[in-house]
Structures are given as C-alpha cells and as structure tokens.
Amino acid sequence: MWGSRAFLAGWLLLLLVQLLCLEAVPISIDKTKVKEPEKKPEEPPASVDTGLHYDRYLREVIDFLEKDQHFREKLHNTDMEDIKQGKLAKELDFVSHHVRTKLDELKRQEVNRLRTLIKAKQDLEGGNDIAVDHQALLKQFEYLNHMNPHTFEVEDLDRLIRSATKDLENYDKERHEEFKRYEMMKEHDRQEHLKTLDDDERKKEEEHYEEMKKKHADHPKVNHPGSQNQLKEVWEEADGLDPEDFDPKTFFNLHDTNGDGFFDEQELEALFTKELEKIYDPTNEEDDMVEMEEERLRMREHVMNEVDSNKDRLVSLDEFLVATKKKEFLEPDSWETLEQNQAYTDDEMREFEEHLAQQEQDLNQKAFDLQKQRDELERQQEQLNAQKMELQQAVEHMERLKSQKVDPPPEVLEIPAVDRHHPVPEGHDPAPQAPQDIPQEHHGQENQNQAQQGLPQTHDNIPPGNPLPQISVLVTVIPSLHN
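Residues numbered from 1 in each chain as written. Predicted model: local features only at pLDDT ≥ 70, side-chain atom pairs only at ≥ 80, totals over all residues. Heavy atoms only, no water.

J.: So what exactly am I meant to see when it comes to the overall build of the protein here?
T.: Helix and strand counts for the protein stand at 19 helices and two strands. Classification of the 483 residues of the protein by burial places 34% in the buried group. Surface exposure of the protein reaches about 31,600 Å², of which carbon and sulfur atoms provide 51%. (Helix = DSSP H or I, 4+ residues; strand = E, 2+ residues; numbered from the N terminus. Buried < 20%, exposed > 50% of the residue type's maximum accessible area, 1.4 Å probe, protein only. Areas by Shrake-Rupley, 256 points an atom, 1.4 Å probe, with all protein chains shown as cover.)

J.: Sorry, what's going on with the layout of surface pockets here?
T.: One simple way to see leftover space: roll a probe sized like a water molecule over the atoms. In this model, the largest pocket occupies a volume close to 920 Å³. Around the largest pocket sit 26 residues that line it, and E183, K186, Y209, K213 and E291 are the ones nearest its centre. Secondary structure elements with two or more residues in the lining of the largest pocket: α8 (154–195) and α9 (199–217). Looking at side-chain class alone, the lining of the largest pocket contains nine nonpolar, four polar and 13 charged residues. (1 Å grid on protein atoms, 1.4 Å probe; cavity = no way out; pocket = protein on both sides within 12 Å on 5 of 7 lines; lining within 4 Å. Points joined across faces, edges and corners; volume = space filled by probe spheres on them. Nonpolar A, V, L, I, M, F, W, Y, C, P; charged D, E, K, R; others polar.)

J.: Sorry, what's going on with the side chain of H255 here?
T.: Take H255: it is sitting in helix α11 (residues 248–255). Residue class for H255 comes out buried when judged on its relative accessible area of 13%. Within the local environment of H255, its side chain forms a polar contact with the side chain of D239, the two groups lying 2.8 Å apart. Apart from residues lying up to four places away in sequence, H255 is in contact with V234, D239, F263, E267 and L271. (Polar contact = N/O pair within 3.5 Å; in protein donor to acceptor, adjacent residues only side chain to side chain. Contact = heavy atoms within 4.5 Å.)

J.: Looking at this structure, I do not really get the packing of α8 against helix α14 (residues 289–307). What am I missing?
T.: Between α8 and α14, whose axes approach to 11 Å, the crossing angle comes to 145°. α14 is crossed by α8, and the crossing has left-handed handedness. Within the contact between the two elements, α8 uses D172, R175, H176, F179, Y182, E183 and K186 and α14 uses V290, E291, E293, E294, L297, R298, R300 and E301. Looking at side-chain class alone, the contact of α8 with α14 contains four nonpolar, one polar and ten charged residues. (Axes fitted to C-alpha atoms, helices over the stretch in contact; angles between N-to-C directions. Left-handed = near helix turned anticlockwise from the far one by under 90°.)

J.: I'm lost on the packing of aromatic side chains in this one. Help?
T.: Centre distance and the angle of the planes are the two values used to describe a pair of aromatic rings. Across all of its chains, the model carries nine aromatic pairs by this definition. Pairwise contacts between aromatic rings join W235, F246, F251, F252, F263 and F320 into one cluster. Its end group placed over the ring of F64, K67 keeps NZ or CZ at 4.3 Å from the ring centre. (Phe/Tyr/Trp six-rings, centres within 6.5 Å; stacked < 30°, edge-to-face > 60°. Lys NZ or Arg CZ within 6 Å of the ring centre and 35° of its normal.)

J.: I'm lost on the pattern of salt bridges in this one. Help?
T.: A side chain with one charge may pair with a side chain of the opposite charge, provided their charged atoms come close. Tallied over the full model, the rule gives 31 salt bridges. A salt bridge links D55 to R59; its shortest N-O distance comes to 2.7 Å. Of this pair, D55 and R59 both sit in helix α3 (residues 55–65), four residues apart, which is roughly one turn of that helix. Judged by its relative accessible area of 4%, D55 falls in the buried class. R59 sits in the partly exposed class, given a relative accessible area of 22%. R300 is paired through a salt bridge with D172; the nearest N and O atoms lie 2.8 Å apart. Here R300, found in helix α14, pairs with D172, found in helix α8; they are 128 residues apart in sequence, far enough to count as distant. (Salt bridge = Lys/Arg side-chain N within 4 Å of Asp/Glu carboxyl O.)

J.: Looking at this structure, I do not really get the nonpolar core. What am I missing?
T.: Ranked by internal contacts, the top residues of the largest apolar core, which has 30 residues, are V61, L65, L103, Y143 and L157. For this core, the elements supplying multiple residues, two or more each, are α3, α4 (69–76), α6 (97–124) and α8. When sequence neighbours within four positions are dropped, the list of residues in contact with V61 reads L103, L106, F152 and L160. V234, F263, I279 and F329 belong to the second largest nonpolar core, which has 26 residues in total. (Core = buried A, V, L, I, M, F, W, Y, C linked by side-chain atoms within 4.5 Å.)

J.: Looking at this model, I keep getting lost on a negative patch on the surface. Mind explaining?
T.: Residues E236, E237, D242, E244, D245 and E277 make up a contiguous surface patch of negative charge. Looking at the secondary structure, you find E244 in the loop between α10 (228–237) and α11. (Patch = residues over 30% accessible without salt bridge, like charges linked within 9 Å, V, L, I, M, F, W, Y side chains within 5 Å. Lys, Arg positive; Asp, Glu negative; His and termini not counted. Charge placed at Lys NZ, Arg CZ, Asp CG, Glu CD.)

J.: How should the packing of α8 against α9 be read in this particular structure?
T.: Angle between the axes and distance between the axes are the two parameters that describe a pair of packed helices. The interhelical angle for the contact between α8 and α9, taken along N-to-C directions, is 150°, at an axis separation of 9 Å. Put simply, α8 runs roughly antiparallel to α9. In this structure, α8 crosses over α9, and the sense of that crossing is right-handed. Between α8 and α9, the contacting residues are E187, R190, H193, L194 and K195 on the first element and R202, E205, E206 and Y209 on the second. For the contact of α8 with α9, the residue count by class is two nonpolar, one polar and six charged. (Parallel < 35°, antiparallel > 145°, perpendicular 65-115°, else oblique.)

Next comes the structure, spelled out in structure tokens:
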C-alpha cells in the first residue's frame, strides 16, 4: 500500500492503478516454511516530487482518496483508458462524507494558495493599485474548477486526472528543451569569452577546450541501457552476486524498491547509476553534472520506449520478462552518449544567437528609455527644488516684514510753534489746529520756509490717511519744540 502511495505522489494515473497492489514477496523466500516476523507499522517512503507546480495538492488528494474503500474497489476494476476518459472521477459521488469534507478543505486551501501567488506576482509587476480579477486569472489553472472554489466535485477530480496526464507527458519534453537551451547558452558564453582574448590567449583557450573534450570522451565502454550486459553489471557490482547466476525475475524483485510489482521511472533511473559513473565524475573539470542528468533521462526514456508496451509509464514484471527474451536485450547496439549526439543543430544555435541579440537590443532600448525618464525626473526635481526655494524665501521675507511691522500711528495734529519767550502757563495747552483747517497759503509758506532751512517739506498731494504726511508734520514740529 505504501509503495502505491509513494507512486501516486509521483505519477497520478500510474499510482491510481497501483493503489490495491500488495507488497511483492521476494522469490527467494518460501513463506510456507519460514515463520513470518512480527509485523511492524510501515513508514511510507519519501514522496517523489513530480515537478508539477500543484504537486502537493495532487498528492494530498490521492492520499485521501485511497483511504476510501469504495473508491479503491472501483479503481481495481477500472482500466487505464477509463481513468483517462473520466469514468473513475464519477465514483467520487460515492466516497465517504469524511473524505469529501477533507477534499473540500484541500481545494479551498489550493484556491487560496493560487490567489496568493496571483497577488504576489501582481505586486512584483508593480500593479498594486489595479483591481485583480481572480476568477479570470484562475482560468489558467486547468486542474481545478475555479468557478466553484469551495467544494471538491467530480469535475475537479476529472480535471486533476486530465491535467496531470497531459503535464506529465510534456514534462520530459520540457526538460529536454531546457537542457538544449543550457547547452546553447554554454557555447554562447564560451564564444563571447573568446572574443575578449588576444590571438595567443584565444589559441590556448581553444586548445584547452579540445583537450577537455577528448578527456571527457575517454571513458570505459557504456553498456546499452536495459540490456543484459548492463543489468548483469548491476547484478555483480551493486548487488554483489555472481553474473553467471543472473536471473531476470530475481533482479526485478531486488530492484523493485517499493515492492509494488512495477518499475517506476525513478527505480529505472537508479539502475543506470553505474553506467553514468563511467562517464561523469563531479571532481573532473571536463564533466558537467547537468549533462549527466540529461544522460540519465535519455537512458530511462529509451528503456521505457522498448519495454513499456502499454505506455502507462510503468514496467511490470511481465513486460520486463518479455523484454529479456528479445534480441535487443541479448545483442544490443552500442549506446551513443551525449558527446556523440549534439543537443542542438546549427540552425537552432543560429536562431538562439539571434534571439539573444534581439533580447540584448530590447534591454538596451529599455535601459535607454529608463535613463531618459530618469533624466526627465531629475530635471523636474530640480525645478521643484528651485520653486520650493523661492517659496521658502518668500515666506521668510513675509515673516521678516511681519516681525518689523509697526501699528500705524494715530492721526497727528500739527502743533503750532511754541514761543519760548512766552511759555504757555501750566495747565493750559495750546489749542491745536487740525491740518485740514490750516489755510493752503500757510502750508505753502511753511514748506517754503522749511525748504530754505533745509527741513523736509510736508506733502499736501499725498492722500489723507497716508502715514507719510503725518511723519513729515512730526519732523517739522519736533525741531521747533526743541528750539
């Protein structure tokens, strides 16, 4: 059961098929003669990440579905094509209430996770002030029904099965494309580095590169993956058994690590470790570990294509035994490694270079536009700073004027000159005469006398109420008082 559970975590459809498989019994043990040891609770093996962005949701849904007895029984009687066509999903209506409730909760958590991702992406793109249409954005996630974010229904299971099937089928293809881009970028960087060197340095670098290529290609012969020679080598070196005693059925049970009666893709890839160690050493400069993983993927795909007759991405014991009787197993062709099969063509490399050049041009244009925007912003900032300075100076000037301002004096009456030879008796004030009552001739005469004496003149032409004539009158009167 735990073996099938681990595989469910890795590959949904294949796991569904294996949910009811019992643990395989090693053929070297006769259970009628050997006393069974006391059973201990089994711990599930570590789950294998499928690489799908909804891997956790996928595994949790399967974990709960396998706990329902009715669903397990229906699964046992459903073939792969019916599962792919969604017939198994209809059985969701008959699972227990507890399981349905938990599935509802899992779906709500997944929808909330997707909404959080959408919001985080929007924040990174600087769209904090833009309203988010979550329903529209959730459409891109085809593995769940976004129109019903609260409950897990038949359509959700059907979508999950179909999406996982499609995504897993495309997973290897995407990995190959990613590796191709990696190899082309590595070559691009090497060529760009050569452009920075002078003739002598470039020659040395090219010689070193060719030397590393030859050194990497100088390795022991690599056996054809899945062939008798390759499996016998594992039998001898990894299992410590005599190659003359090689038995395919025993070999299968020894390496069916989860005991579910099938080789899954991870178990197959583990068989190629000895072959890969002939080619790659992480301590060697000439060996690229990224290329090693690509080689492992190529080997696994090759064996799956030759052995997996029903294309369910599993190798059953029967399929394995049939393959061991084929000529390809007994007399295989030589295996061509990556250095003998360039990951890209010259046309693909040329297109890649053009794409990089266009990207660089776009980035340069974007950098130029951003610099222009920056310069414009700096210019506007300088203008704002200048305006701010002018406004500050104006405010300071107004404050100074306000602090120096004196209340206007009351209306000043012109006081006639005091005769110092005839002082005014105490208690008697001379009768003042309002300026408007003084004849114009008197003003004219007074101004003329003041001008002759070098004194300031009164200004009759200034409108009444202006402080200047009042001040002039004071200036005229005060000296006469002192005289």
